[in-house]
Amino acid sequence: MGKKKSSKKNKHKFRKKPSNDKHNGVSYSAEQTILVIGDGDFSFSRGLIRHIGKADSVTATSYEAKKIVVGKYGTKAKDCIGDLESSGAEVLYSVDATQLEQCLGNQQAKRISFDRIIFNFPHTGQQMAHLNRAMIRGFFKSARDLLHNSDSQIHVTLKLKFPYTNWDLEKSATEAGLVYLGKLDFVAADFPGYVHRTTRSEALHAGVREQEKSLCKTFVFAQDPKGVPQYDDALDGWGLTTSKENSISFLSLYQPTTPSNSSSTATNKGSKDTNKDEKHEGSKKRKLATTHASEQPIKKKKKKKKSKKNKLNSES
């Protein structure tokens, strides 16, 4: 009896979850081809398949290599990956959110255009707003080229609280040639088994707190029919080059390189010499300014005395 029950459960493992009309939540369908970016332990991708009742239309990706994913997230990740692969979903690793076309091409992904591209709770792993803004901007520019048609969408889920509200999603999307369509509730329960995982290994189980679930929103974007804005300047608003050859990489944000000792020493030495010269020059200028300022009142004072003396002479 128990075996029969287990068999039935496995047979309908990815049956579509009934829709919940009580909230304005984000949802997906089996007819859509879907790319999931940066899925920590792959629990969202597995929940997505249960949500739509289909697996072969989903491509699930992680920024990290498989060995790191399993080492960081343990048995849960192994189970999710196993379920995805056995059900027919495509699972890819070492996929940079800012270099999607290149990464998918290098791994010979079965498709390179999608109806929906999803990036839930993106983060570089560093609490630095400018790095996260740059990563988001790079993602938008990269994902835009993978949208299947004008009806295709990019979905980014964030919490409506500091510091995420300072990431300027709409501005970054506009500069990448996208238009903002609005936001929807993100209800984790609609994707069975999904638990949000952070990028930091020391906070593996720090998911979304119960009191913050209502703050989770999915921002929806689509291609701007006007195309990508053209810039006259070499640098954009974030100080990043807009040229394709020098586009910023998520890899460089997540694992910044350090300069060699020799170049660092030379740079520091040069900085000291420059600072010394600037300090000496500044000291000279201040000295001249002080001398000039001290002379002014004396001249005025003499003029004033002379004026008083003339006045006395005229009265006499």
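This text goes with the structure placed above it.
Residues numbered from 1 in each chain as written. Predicted model: local features only at pLDDT ≥ 70, side-chain atom pairs only at ≥ 80, totals over all residues. Heavy atoms only, no water.

Caption draft 1: Representation of the overall build of the protein within the structure. Regarding its fold elements, the protein presents eight helices and seven strands. Within the protein, the proportion of its 316 residues that are buried is 39%. Sequence separation of at least 24 residues holds for 79% of the intrachain contacts in the protein that already meet a minimum separation of 6. (Helix = DSSP H or I, 4+ residues; strand = E, 2+ residues; numbered from the N terminus. Buried < 20%, exposed > 50% of the residue type's maximum accessible area, 1.4 Å probe, protein only. Contact = heavy atoms within 4.5 Å.)

Caption draft 2: Inspection of the packing of helix α2 (residues 43-52) against helix α3 (residues 66-87) at higher detail. Where α2 meets α3, the axes come as close as 9 Å, and the angle between the chain directions of the two elements is 40 degrees. Compared by their axis directions, α2 and α3 come out oblique. The interaxial crossing formed by α2 with α3 has left-handed handedness. Packed against α2, whose contacting residues are S43, S45, R46, I49 and R50, the element α3 presents K76, D79, C80, D83, L84 and S87 at the interface. Across the contact of α2 with α3, the residue classes break down as three nonpolar, three polar and five charged. (Axes fitted to C-alpha atoms, helices over the stretch in contact; angles between N-to-C directions. Parallel < 35°, antiparallel > 145°, perpendicular 65-115°, else oblique. Left-handed = near helix turned anticlockwise from the far one by under 90°. Nonpolar A, V, L, I, M, F, W, Y, C, P; charged D, E, K, R; others polar.)

Caption draft 3: Structural detail: unusual backbone geometry. Not every positive phi belongs to a glycine, and F42 is a case in point at roughly 65 degrees. Mapped onto the elements of the fold, F42 is located in the loop between β1 (34-37) and α2. We classify F42 as buried; its relative accessible area is 0%. A positive phi angle is found at S94, which is not glycine, with a value near 55 degrees. Its place among the elements puts S94 in the loop between β3 (90-92) and α4 (100-106).

Caption draft 4: Inspection of the side chain of R144 at higher detail. Examined against the element boundaries, R144 turns out to sit in helix α5 (residues 129-144). Among buried charged residues, R144 stands out as having no salt bridge; its nearest opposite-charge side chain is D145, 4.4 Å away. One polar contact links the side chain of R144 to the main-chain carbonyl oxygen of D224, over a distance of 3.5 Å. Those residues in contact with R144 that sit more than four places away from it in its chain are I154, A176, G177, L178, Q223, D224, G227 and V228. (Lys, Arg positive; Asp, Glu negative; His and termini not counted. Salt bridge = Lys/Arg side-chain N within 4 Å of Asp/Glu carboxyl O. Polar contact = N/O pair within 3.5 Å; in protein donor to acceptor, adjacent residues only side chain to side chain.)

Caption draft 5: Quick look at the nonpolar core. Core analysis: the largest hydrophobic core is formed by 29 residues, its most contacted members being I37, I117, F139, F140, I154, L169 and F221. Tallying contributions element by element places α5 first for this core, with five residues. Within the second largest apolar cluster, 27 residues are counted, among which are V36, V91, F191 and C216. (Core = buried A, V, L, I, M, F, W, Y, C linked by side-chain atoms within 4.5 Å.)

Caption draft 6: Broad picture of α3. Spanning 22 residues, α3 covers only 18 Å between terminal C-alpha atoms, well under the ideal 32 Å at 1.5 Å per step. When the local axis directions of α3 are compared, the greatest deviation, roughly 130 degrees, occurs at G74. Buried residues of α3: V69, K72, Y73, A77, C80, I81, D83 and L84, and no others. Looking one or two places after α3, you find G88, whose phi comes out positive at around 110 degrees. (Expected span 1.5 Å × (residues − 1). Bend = angle between axes of the 7 residues up to and from the residue.)

Caption draft 7: Representation of α5. In this model, α5 (16 residues) spans 22 Å end to end at C-alpha, consistent with the 22 Å of a helix rising 1.5 Å per residue. Burial of α5 is extensive: 13 of the 16 residues sit out of reach of the surface.

Caption draft 8: Highlighting the pattern of salt bridges. Taken as a whole, this structure holds six salt bridges when the rule is applied. Between D185 and K217 there is a salt bridge; the shortest N-O distance is 2.4 Å. Residue D185 is located in strand β6 (residues 178-185), and its partner K217 is located in strand β7 (residues 216-223); the two are separated by 32 residues in the primary sequence. Residue classification places D185 among the partly exposed residues on the basis of a relative accessible area of 23%.

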